[in-house]
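Okay, here's what each chain looks like letter by letter:
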Amino acid sequence: RVVRDQSTTPTVSFDYAFSSDNGDIETQEAYEAAGESGVKLLVVRDDKSKAIFGHIVPKKGIDDKSFAVDSLVEDAKWLGYSKLTLKSDNAPAIVKLLSEALRELRVNGVSQVLEEHSPEYDPQANGSAEVGVKLLKGQMRTLKSNLENEIGQRRPVRQQLMAWLATHAAAQTTSGP
């Protein structure tokens, strides 16, 4: 475990979450069972500003077009820190994403980027990301429900509109300490 000064080094935590046309999905197995009615979300949360970012991604880890890496790097750059810690669990796919994002951030001028890993499959160990997941999924449910009520029809989570909705829901989400 890395020991750091919380006041000077912000931690940007991230994790995956799932959603489906039938509601929340909590496990990889449930996601796989949902088939075409499920999506993967990359949820990023800054512990200092409490900013949350959300992206529907094609797969866990590094996708062919590097969408997840680019999204994570852009989120971290948007925060404007010259020094930060990226934190994820130790699942193999997310470690690959973290490693590639660290490399890209260093190439793109973030002077000091550290890494931290919580134990794999221990949600409490990456609490900031888990808070981000809960807040984002709640805001997405609210916005999706409001949209569907307004237009009088359901929208599938795999529709492009939902990728925008994930990003928009994250931007609207604020949290306390």
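Fair warning: this is a prediction, and the values are worked out from it, not measured in the lab.

Draft legend 1. Fine view of the overall build of the protein chain. Along the protein chain, the regular secondary structure elements total five helices and six strands. Helices and strands in the protein chain line up, N terminus first, as β-β-α-β-β-α-β-α-β-α-α. In terms of overall size, the protein chain behaves like a compact globule, its C-alpha atoms giving a radius of gyration of 16 Å where 177 residues would be expected to give roughly 16 Å. Along the first, second and third principal axes, the C-alpha atoms of the protein chain reach 50 × 30 × 30 Å. Counting every position in the protein chain, which comprises 177 residues, the buried fraction comes to 46%. Carbon and sulfur atoms form 51% of the exposed surface of the protein chain, whose accessible area is close to 9200 Å².

Draft legend 2. Quick peek at helix 4 (residues 127-151). Between its first and last C-alpha, helix 4 extends 36 Å over 25 residues, near the 36 Å set by a 1.5 Å rise per residue. For helix 4, every residue scored as buried is listed here: S128, A129, G132, V133, L136, K137, G138, M140, L143, K144 and E148. For helix 4, the elements touching its buried residues are strand 1 (11-20), strand 2 (23-25), strand 3 (38-46), strand 4 (52-57) and helix 5 (160-172). In the stretch just after helix 4, G152 is the one whose phi turns positive, near 75°.

Draft legend 3. Structural context of the pattern of salt bridges. For the structure on display, the rule yields eight salt bridges. Taking the shortest distance from any N to any O, the salt bridge between E36 and R158 comes out at 3.8 Å. Remark: R158 occurs in the loop between helix 4 and helix 5 and E36 occurs in the loop between helix 1 (28-34) and strand 3; sequence separation between them is 122 residues. Judged by relative accessible area, R158 falls into the partly exposed class, the value being 42%. Between E74 and K77 there is a salt bridge, with its nearest N and O atoms 3.3 Å apart.

Draft legend 4. Here's a closer look at the packing of aromatic side chains. For the structure on display, the rule yields two aromatic pairs. Between F18 and Y31 the ring centres are 5.0 Å apart and the planes differ by 25°, which places this aromatic pair in the stacked class. Taken together, the residues F18 in strand 1 and Y31 in helix 1 connect sequence positions 13 residues apart. Accessibility assignment for this pair places F18 and Y31 in one class, buried. Pairing F53 with W78 gives two aromatic rings, centres 5.7 Å apart and planes at 80°, and the pair type is edge-to-face. A residue pair is termed long-range when its members are at least 10 positions apart, and F53 in strand 4 and W78 in helix 2 (residues 67-79) qualify at 25 residues. By relative accessible area, which is 12% here, F53 ends up buried. W78 sits in the exposed class, given a relative accessible area of 62%.

Cut-off values and rules
- Residue positions within a chain follow its written sequence, with the count starting from 1.
- Predicted model: local features are reported for residues with pLDDT of at least 70 only, side-chain atom pairs are reported and counted for 80 or more only, and whole-chain, interface and lining totals are derived from all residues.
- Side-chain descriptors were evaluated using all non-hydrogen atoms of the structure, hydrogens and water having been removed beforehand.
- Numbering of helices and strands starts at the N terminus; helices are DSSP runs of H or I of at least 4 residues and strands are runs of E of at least 2.
- Here the globule rule is a power law, 2.2 Å times the number of residues to the power 0.38, and the radius of gyration is based on C-alpha atoms.
- Each residue gets one of three labels from its accessible area relative to the maximum for its type: buried under 20%, exposed over 50%, partly exposed in between, using a 1.4 Å probe on protein chains only.
- Residue burial considers only the protein chains on display, and all accessible areas are found by Shrake-Rupley using a 1.4 Å probe.
- Here, expected helix span is obtained from the residue count minus one, scaled by 1.5 Å.
- Contact criterion: two residues are considered in contact whenever any of their non-hydrogen atoms come within 4.5 Å of each other.
- What counts as a salt bridge is simple: a side-chain nitrogen of Lys or Arg found within 4 Å of a carboxyl oxygen of Asp or Glu.
- Geometry of aromatic contacts follows a simple scheme: Phe, Tyr and Trp rings, the Trp one being its six-membered ring, pair when their centres are within 6.5 Å, and the pair is stacked under 30 degrees between planes, edge-to-face over 60, tilted otherwise.

Function-wise, these values are silent; they only describe arrangement.
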